[in-house]
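A closer look at the structure
Each chain is listed here by its residues.
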Amino acid sequence: MSGGGTGRDGSGAVTIRPCVARILEDIADRSATVGYYVSSAARGRGVATAALAALVPVALHDVGLVRVVADIDPGNVASRRVVERSGFRAAGRVVIGDVTFDRFVVGSELPGS
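Rules used in this analysis
Residues numbered from 1 in each chain as written. Predicted model: local features only at pLDDT ≥ 70, side-chain atom pairs only at ≥ 80, totals over all residues. Heavy atoms only, no water. Salt bridge = Lys/Arg side-chain N within 4 Å of Asp/Glu carboxyl O. Helix = DSSP H or I, 4+ residues; strand = E, 2+ residues; numbered from the N terminus. Buried < 20%, exposed > 50% of the residue type's maximum accessible area, 1.4 Å probe, protein only. Core = buried A, V, L, I, M, F, W, Y, C linked by side-chain atoms within 4.5 Å. Contact = heavy atoms within 4.5 Å. Axes fitted to C-alpha atoms, helices over the stretch in contact; angles between N-to-C directions. Left-handed = near helix turned anticlockwise from the far one by under 90°. Nonpolar A, V, L, I, M, F, W, Y, C, P; charged D, E, K, R; others polar. Expected span 1.5 Å × (residues − 1). Pairing = 2+ DSSP bridges. Right-handed = clockwise from strand over helix to strand, strands pointing away.

**Focus: the pattern of salt bridges**
Applying the stated criterion to the full structure yields four salt bridges. Here Arg-103 and Asp-71 are joined by a salt bridge, their closest N and O atoms 2.7 Å apart. Of this pair, Arg-103 sits in strand S7 (residues 99-107) while Asp-71 sits in strand S5 (residues 67-72); the two residues are 32 residues apart in sequence, bridging distant segments of the chain. For the residue pair Arg-103 and Asp-71, the accessibility class agrees, reading buried in each case. When salt bridges with common partners are traced through the structure, they connect Arg-80, Glu-84, Arg-93 and Asp-102 into a single cluster.

Structure below.
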């Protein structure tokens, strides 16, 4: 991975140019959902995996969360590989609005799973 710097701005985001991984929302019980975006020119270079590798320990140890959740479009194989490489485990499916996602979790298991 080359051509980029890293940064933490105190907002729950880790930037590894050209990727941003961010804690999107608190979902309950010291849990949060994470999301990331990688520019099309940088896809396939490991930047999303590196960003999650930087974000997850901060979320679990520094912020004090007990779990981080990633909800992935079932057809997004690349994102599934990113979370699996980052230590997330499959935790079933979830429907948000009218959209079904595959749920992945790192840290403690979700209640009822």
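**Regarding the nonpolar core**
Most often, soluble globular proteins keep nonpolar side chains buried together rather than apart. Among the nonpolar cores identified, the biggest contains 19 residues, and Val-34, Leu-52, Val-68, Ala-70, Val-83 and Phe-88 are the most heavily contacted of them. The set of elements that each furnish at least two residues to this core consists of strand S4 (31-38), helix H1 (47-62), S5, helix H2 (77-85) and S7. A per-element tally of this core places H1 first, with six residues. Setting aside chain neighbours within four positions, we find Ala-70 in contact with Val-34, Val-83, Phe-88, Asp-102, Arg-103 and Phe-104.

**Description of the packing of H1 against H2**
In the contact formed by H1 and H2, the axes pass within 9 Å of each other and the chain directions differ by 35 degrees. Crossing of H1 over H2 shows right-handed handedness. For the pair formed by H1 and H2, the contact residues are Ala-48, Thr-49 and Leu-52 on the first element and Val-82, Val-83 and Arg-85 on the second. Counted by class, the contact of H1 with H2 contains four nonpolar, one polar and one charged residues.

**Some points on H1**
Under the 1.5 Å per step criterion, the end-to-end length of H1 is 22 Å for 16 residues, consistent within 8% with the ideal 22 Å. Those residues of H1 that fall on the buried side of the exposure criterion are Val-47, Ala-48, Thr-49, Ala-51, Leu-52, Leu-55, Val-56, Val-58 and Ala-59. One or two residues past the end of H1 sits Gly-64, with phi positive at roughly 90 degrees.

**Examining the pairing of S5**
Of all six residues that make up S5, six are buried, and the element is covered over most of its length. Alternating positions in S5 separate into two faces, Arg-67, Val-69 and Asp-71 on one and Val-68, Ala-70 and Ile-72 on the other, with burial throughout. Looking at chain direction, S4 and S5 are connected through three bridges and run parallel. Paired with Ser-31 across the two strands is Arg-67, which belongs to S5. In terms of handedness, the path from S4 via H1 over to S5 forms a crossover that is right-handed. Of the strand pairs in this sheet, S5 and S7 are connected by six bridges, and their pairing is antiparallel. Bridged to Val-68 within S7 is Val-106.

Spatial relationships are all this shows, so hold off on functional conclusions.
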